[in-house]
Amino acid sequence: MTLDDFDFDLPEGLIATRPARPRSSARLLAATGDSLRDLHVRDLPELLGPGDLLVLNDTRVIPARLTGTRSRATPQGEAVARVEITLLEPVADGWKALAKPLRKLKPGEVIRFGDALSAEVAAIGDGALVLRFDATGDAFDAALAQVGAMPLPPYIAALRAPDEADRQDYQTVWARRSGAVAAPTASLHFDEPLLAALRARGVRFAHVTLHVGAGTFLPVKVKDVTTHKMHGEWGEVTPEAAAAINETRAAGGRVIPVGTTALRLIESAATPDGRVQPFRGVTEIFIYPGYPFRVTDGLMTNFHLPRSTLLMLVSALMGQDRIRRIYRHAVDSGYRFFSYGDASLLVP
């Protein structure tokens, strides 16, 4: 199984740089068994029934992109360098982050992000650095909200800069637990009218948390995909969420995660016999064709990058040939791709 098995041609014009408005007006390609239907996300209640359970990731994206300055005394006077920072994850003594350009920084130097926030470079190594900020807790959150920008995926950031609209657009309506540096993007299609229509239909919801990391955008660099090492992400399945999933399965309902993040988390929490247990910790689960799904009956997800682990995941769920046909239809029909793009409902 090679990386070339998960490649396809995608016209650049199909990469969405803004979301559909309203959210639930995005297109939805429903792939159930051998059928394909061109619908909209607002039609989702027609595809689900009483007793079905949608598993939702309630992580909250932090404004993790920062622009600051570093000052350094030189024989010629003060040298000021502009530095772009992307926060990755909290660590024991601060935040792990990427810096551009990293070569302009040294341990012990201070980066100032306006008057609201500054950080000392605590350590540098392996292409990243650790920053120790001058604020913690609620004060840090408030300062970050003031000076930070939403961390748009590289394929959007290459086409435009983040702006004020992204603070709402790149956040789910049920976002609750701060910690992600990328959104669970299939969830961006939901708005309150759609949630109300699903409840009226008898569809239930379970909330889990997976703090999506920047590693979700890392390319696969090995030819044999089975040797790829997944990045770790912190997640939690509460006892209440685990019970809701197990009750749904016992009653004959379908468990359908919204997004690959929710899917990876509940599969990480599942026993071989398909029972979900409470889970709290880091998951590095890598799902590719041949994986035996334990609790997932379907998946709502966006359209993914060529040669990506997420394309491998949906290929595992639907079969490689079937996914090729689905993606060919999506491209030919002008579906919008990636984080702000359209959605699919995949039911094997």
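- Under an unreviewed UniProt entry, the name given to the chain is S-adenosylmethionine:tRNA ribosyltransferase-isomerase, and the organism recorded is Paracoccus yeei.
- Quoted verbatim from the Catalytic activity (unreviewed entry) field of UniProt, the annotation for the chain is "7-aminomethyl-7-carbaguanosine(34) in tRNA + S-adenosyl-L-methionine = epoxyqueuosine(34) in tRNA + adenine + L-methionine + 2 H(+)".
- Database annotation for the chain, UniProt heading Sequence similarities (unreviewed entry): "Belongs to the QueA family."

### A closer look at the overall build of the chain
- Each helix and strand counted, the chain has nine helices and 17 strands in total.
- A compact globule built from 348 residues would reach a C-alpha radius of gyration of about 20 Å, and the chain, at 21 Å, matches this within 12%.
- Principal-axis analysis of the C-alpha atoms places the extent of the chain at approximately 70 × 40 × 40 Å.
- A buried classification covers 53% of the 348 residues belonging to the chain.
- Considering only intrachain contacts with a sequence separation of at least 6, the fraction spanning at least 24 residues in the chain is 70%.
- Within the structure as shown, the chain displays about 15400 Å² of accessible surface, and the carbon and sulfur contribution to it stands at 49%.

### A short note on the layout of surface pockets
- Taken as a whole, the largest pocket spans an internal volume of roughly 1200 Å³.
- Every residue lining the largest pocket is counted, 46 residues in all, and those nearest its centre are Thr 86, Leu 88, Leu 98, Val 181 and Ala 214.
- Taken together, the elements giving at least two residues each to the lining of the largest pocket come down to β5 (65-74), β6 (77-91), β7 (94-100), α2 (137-147), α3 (154-157), β11 (177-180) and β13 (233-237).
- When residues of the lining of the largest pocket are assigned to their parent elements, the largest contribution, seven residues, is made by β6.
- Residue composition of the lining of the largest pocket, grouped by class: 26 nonpolar, 11 polar and nine charged.
- There are two domains that each give the lining of the largest pocket at least three residues, and those are domain 1 (3-61 + 168-346) and domain 2 (65-149).
- Secondary-structure elements contributing two or more residues to the lining of the second largest pocket are α7 (260-268), β16 (299-302) and α8 (309-318).
- For the lining of the second largest pocket, a count of residues per class yields 15 nonpolar, 11 polar and one charged.

### Things to note about the nonpolar core
- Core analysis: the biggest nonpolar cluster contains 46 residues, and Tyr 170, Val 314, Ile 323, Ile 326, Tyr 327, Phe 337 and Leu 346 have the highest contact counts within it.
- Of all the secondary-structure elements, those providing two or more residues to this core are β1 (27-32), α3, α8 and α9 (320-332).
- In this structure Phe 337 touches Phe 8, Leu 10, Leu 14, Ile 15, Ala 16, Phe 303, His 304, Tyr 327, Ala 330 and Val 331, once residues within four positions along its chain are discounted.

### Examining the sheet that holds strand β15 (residues 279-283)
- Overall, mixed pairing links the five strands, which are arranged β14-β3-β12-β13-β15 in an open sheet. Of all the strands in the sheet, the pair left with one neighbour each is β14 (255-257) and β15. Each neighbouring strand pair of the sheet contributes to a mean axis angle of 25 degrees, computed without reference to strand direction.
- With two bridges connecting them, strand β12 (residues 204-210) and β13 associate as antiparallel partners. In the strand pairing of β13, Thr 209 is matched with Glu 236.

### Structural notes on the sheet that holds strand β17 (residues 343-347)
- If you trace the four strands from one edge of the open sheet to the other, you get β2-β1-β17-β16, paired in mixed fashion. Each edge of the open sheet carries a strand with a single partner, namely β2 (35-40) and β16. The average undirected angle you get between the axes of adjacent strands in this sheet is 20 degrees.
- Where β16 lies against β17, four bridges are found, and the strand directions are antiparallel. Bridge assignment links Leu 299 to a residue of β17, and that residue is Leu 346.
- Against the sheet, α9 makes contact with β1, β2, β16 and β17, and its axis sits at roughly 155 degrees relative to β1, the strand it touches most.

### Re the pairing of β6
- Of the strand pairs in this sheet, β5 and β6 are connected by 10 bridges, and their pairing is antiparallel. Among the inter-strand pairings, Arg 72 is bridged to a residue of β6, identified as Ala 79.
- Connecting β5 to the antiparallel partner β6 that follows it, the hairpin turn spans two residues.
- Note that β6 and β7 share seven bridges and pair antiparallel. Within β7, the position partnered with Leu 87 by the bridge is Ala 97.

Calculation rules
- Residues numbered from 1 in each chain as written.
- Predicted model: local features only at pLDDT ≥ 70, side-chain atom pairs only at ≥ 80, totals over all residues.
- Heavy atoms only, no water.
- UniProt positions renumbered as here; feature names shortened; annotations may be inferred.
- Helix = DSSP H or I, 4+ residues; strand = E, 2+ residues; numbered from the N terminus.
- Rg over C-alpha atoms; globule rule 2.2 N^0.38 Å.
- Buried < 20%, exposed > 50% of the residue type's maximum accessible area, 1.4 Å probe, protein only.
- Contact = heavy atoms within 4.5 Å.
- Areas by Shrake-Rupley, 256 points an atom, 1.4 Å probe, with all protein chains shown as cover.
- 1 Å grid on protein atoms, 1.4 Å probe; cavity = no way out; pocket = protein on both sides within 12 Å on 5 of 7 lines; lining within 4 Å.
- Points joined across faces, edges and corners; volume = space filled by probe spheres on them.
- Nonpolar A, V, L, I, M, F, W, Y, C, P; charged D, E, K, R; others polar.
- Domains from an automatic or database assignment.
- Core = buried A, V, L, I, M, F, W, Y, C linked by side-chain atoms within 4.5 Å.
- Pairing = 2+ DSSP bridges.
- Axes fitted to C-alpha atoms, helices over the stretch in contact; angles between N-to-C directions.

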